[in-house]
Structure formats: structure tokens, C-alpha cells
Amino acid sequence: QVQLVESGGGLVQPGGSLRLSCTASGSIPRINTMGWYRQAPGKQRELVATFTIGGATYYPDSVKGRFTISRDNAKNTLYLQMNSLKPEDTAVYYCNAVNPALRFDWGQGTQVTVSS
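What counts, and where the lines are drawn
- Residues numbered from 1 in each chain as written.
- Predicted model: local features only at pLDDT ≥ 70, side-chain atom pairs only at ≥ 80, totals over all residues.
- Heavy atoms only, no water.
- Phe/Tyr/Trp six-rings, centres within 6.5 Å; stacked < 30°, edge-to-face > 60°.
- Helix = DSSP H or I, 4+ residues; strand = E, 2+ residues; numbered from the N terminus.
- Buried < 20%, exposed > 50% of the residue type's maximum accessible area, 1.4 Å probe, protein only.
- Lys NZ or Arg CZ within 6 Å of the ring centre and 35° of its normal.
- Pairing = 2+ DSSP bridges.
- Contact = heavy atoms within 4.5 Å.

**Q** I'd like a rundown of the packing of aromatic side chains, residues and numbers included.
**A** Throughout the structure, instances matching the rule amount to 2 aromatic pairs. Ring centres of tyrosine 94 and tryptophan 106 lie 5.9 Å apart, and the angle between their planes is 80°; this geometry places the pair in the edge-to-face category. One end of the pair, tyrosine 94, is in strand 9 (residues 91-97); the other, tryptophan 106, is in the loop between strand 9 and strand 10 (110-114), with 12 residues separating them in the sequence. Overall, tyrosine 94 belongs to the buried group, its relative accessible area being 11%. Seen from the ring of tyrosine 94, arginine 45 lies directly overhead, with NZ or CZ sitting 4.3 Å from the centre. We note arginine 45 situated over the ring of tryptophan 106; from NZ or CZ to the ring centre the distance is 3.9 Å.

Take a look at the structure:
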């Protein structure tokens, strides 16, 4: 059973940057399109970036141009580079497969707080 461990969150001022990592305890099948999600207090979990096996990426308008997802298959690690952070980016960030049928158990997530 693959376990996902997210890290790299923290407190950052508006305009700052953070790089999140998601490491899998086992090998993530290359057929999986992986994604980063976030959940703010009182809100539903939302998808903020995806990375397909072919290397294509997707970002919703809310983060496009500021967030960059990447993947290192050799290290079983997914990354999310977040620049120009805004207070509305404050949330717990998670990674997982995009296809619900292929999804792993959710990890603990990593808290990102953007505040002055």
C-alpha cells in the first residue's frame, strides 16, 4: 500500500514562495496522473495542479502562472513550486492520484499559511 507524505509547508508572507514535496513510500504507477489538492477551512478540497505521465500539466485559473508542478519518478516524489503566494492560498495541501479509482489513502497534508 502506497503512503503519501507531504512536506514543505509553512508560514510565508504574501508574495513569498514555498516548495512542497510529496513522497510516496512505494512506487507510484506511471499510469497515474498525479495532482496537488488543497483544502481551506470550511471549504471543499480543490485540485490546484496535475501532472500526467506524458508530462502535461494543468492548473486552474486561480493558480496559473504562479504554481508549477513537477514529478521525479526516480525519487517517487511530486513537487509543487508556489510563487507569488496570496492569503487565499492558505490551506492544507495534499497530493494524490487524480483518478478516484486509482487514488491512494490521503496523507496528513502540509499546512500553508500566507499572512503578513
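On we go.
**Q** Describe the sheet that holds strand 9, listing the residues and the values that go with them.
**A** Across the sheet, 6 strands lie side by side as 2-10-9-4-5-6; this open sheet has mixed pairing. Each edge of the sheet is formed by a strand with only one pairing partner; in this case those strands are strand 2 (10-12) and strand 6 (57-58). The sheet contact formed by strand 4 (residues 34-39) and strand 9 spans 6 bridges and is antiparallel. The residue of strand 9 that forms the bridge with arginine 38 is tyrosine 93.

**Q** Describe the side chain of serine 21, listing the residues and the values that go with them.
**A** Topologically, serine 21 is positioned in strand 3 (residues 18-24). Note on serine 21: relative accessible area 17%, which makes it buried. Beyond its immediate chain neighbours, meaning those up to four positions away, serine 21 contacts Val5, Glu6, Ser7, Trp36, Thr77, Leu78 and Tyr79.

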